[in-house]
Amino acid sequence: DVKVTQSSRYLVKRTGEKVFLECVQDMDHENMFWYRQDPGLGLRLIYFSYDVKMKEKGDIPEGYSVSREKKERFSLILESASTNQTSMYLCASSLRVAGAAYEQYFGPGTRLTVT
Amino acid sequence: AQSVTQPDIHITVSEGASLELRCNYSYGATPYLFWYVQSPGQGLQLLLKYFSGDTLVQGIKGFEAEFKRSQSSFNLRKPSVHWSDAAEYFCAVGAGTGGFKTIFGAGTRLFVKA
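Just so it is clear, the structure is predicted and the values come from calculations on it, not from any experiment.

What to know about the side chain of Gln104(A)
Inspection of the secondary structure puts Gln104(A) in the loop between strand 9 (87-94) and strand 10 (105-106). On the basis of relative accessibility, which here comes to 1%, the residue Gln104(A) falls in the buried class. A distance of 3.1 Å separates a polar atom in the side chain of Gln104(A) from a polar atom in the side chain of Thr102(B). The contact partners of Gln104(A), leaving out residues within four places of it in the chain, are Phe33(A), Tyr35(A), Ala92(A), Ser93(A), Ser94(A), Tyr36(B) and Thr102(B).

Next up, the structure:
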């Protein structure tokens, strides 16, 4: 089974702090994604990566950056955390194969609170 | 623009009753369609998917979904709901090239009463 792990389940940070969220997958997937999930809004794509050192902006990239130095690891960075970034953050991965590329495997999520 | 609509924010059904969760999508070509389930405090788990072929697809946990092109719908069904099915359900459509864009609906929260 594909396993996607996220470094923290719960995180509390102060406004202005730099925050790192880590995600690791063990199935050699090319694609990796970061979403945020807010009630009533579903999942919104922040960034995705289709290869090492490659990244593309999603729908809501403002205030975030990402890093993918190794194939299995995809990091989300909040350069200066703000209260409106309080949310659930979900990492996902998928193969880069037609059709199957959309079948994503998710980590358990990190609930981030910025105070 | 591509979109996914789940008209019901929440649904309550009695244990043992049948279930249908609605999903409508907007996409120009034949889409890749998915249903995911999210238990409280967990990530999303794939229930089933439709790529092509038979429009009635079977998934895990006794769920099924039917693709109706004429109605742009992909409704999820289960003949008899169990208390453990209480969760949030997301419909999603794979759009764009290269698997870079999956659009999720806002979700439907299912409550199961004894």
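Considerations on the sheet that holds strand 1 (residues 4-6) of chain A
Residue and element names in this part refer to chain A. Ordered in space as 1-3-8-7, the four strands form an open sheet in which the pairing is antiparallel. Edge positions in the sheet fall to strand 1 and strand 7 (64-70), since each has one partner strand and no second. Neighbouring strand axes in the sheet, compared pairwise and without regard to direction, differ in orientation by 20° on average. Two strands pair when backbone bridges link them, and strand 7 and strand 8 (residues 73-78) are joined in this way by five bridges, in the antiparallel orientation.

Quick look at the state of the cysteines
All chains considered together, the criterion is met by two disulfides over all chains. Disulfide partner of Cys23(A): Cys91(A), at an S-S distance of 1.9 Å. Its S-S torsion of approximately -80° makes the covalent link between Cys23(A) and Cys91(A) left-handed. One end of the pair, Cys23(A), is in strand 3 (residues 19-25); the other, Cys91(A), is in strand 9, with 68 residues separating them in the sequence. Taken as a pair, Cys23(A) and Cys91(A) share a single burial class, namely buried. Bridging Cys23(B) to Cys91(B), the disulfide has an S-S length of 1.9 Å. Between Cys23(B) and Cys91(B), the S-S dihedral sits near -65°, and the bridge is therefore left-handed. Here Cys23(B), found in the loop between strand 3 (19-21) and strand 4 (24-26), pairs with Cys91(B), found in strand 10 (residues 87-95); they are 68 residues apart in sequence, far enough to count as distant.

Side note on the packing of aromatic side chains
A ring pair, where both rings are aromatic, is described by two values, the distance of the centres and the angle of the planes. Residue and element names in this part refer to chain B. In the structure shown here, the tally under the stated rule is 15 aromatic pairs over all chains. Their ring planes at 75° and their centres at 5.8 Å tell us that Phe 34 and Phe 51 sit as a pair that is edge-to-face. Linking Phe 34 in strand 5 (residues 32-38) with Phe 51 in the loop between strand 6 (44-50) and strand 7 (56-58), this pair joins segments that are 17 residues apart in sequence. A relative accessible area of 27% means that Phe 51 is categorised as partly exposed. Ring centres 6.5 Å apart and planes at 45° place the aromatic pair Tyr 50 and Phe 74 in the tilted group. Separated by 24 residues along the polypeptide, Tyr 50 in strand 6 and Phe 74 in strand 9 (residues 73-78) bring together distant segments of the chain. What makes Tyr 50 buried here is its relative accessible area of 4%. On the basis of relative accessibility, which here comes to 0%, the residue Phe 74 falls in the buried class.

Reading the values: rules and limits
Residues numbered from 1 in each chain as written. Chains lettered and ligands numbered in written order. Predicted model: local features only at pLDDT ≥ 70, side-chain atom pairs only at ≥ 80, totals over all residues. Heavy atoms only, no water. Helix = DSSP H or I, 4+ residues; strand = E, 2+ residues; numbered from the N terminus. Buried < 20%, exposed > 50% of the residue type's maximum accessible area, 1.4 Å probe, protein only. Polar contact = N/O pair within 3.5 Å; in protein donor to acceptor, adjacent residues only side chain to side chain. Contact = heavy atoms within 4.5 Å. Pairing = 2+ DSSP bridges. Axes fitted to C-alpha atoms, helices over the stretch in contact; angles between N-to-C directions. Disulfide = S-S within 2.5 Å. Phe/Tyr/Trp six-rings, centres within 6.5 Å; stacked < 30°, edge-to-face > 60°.

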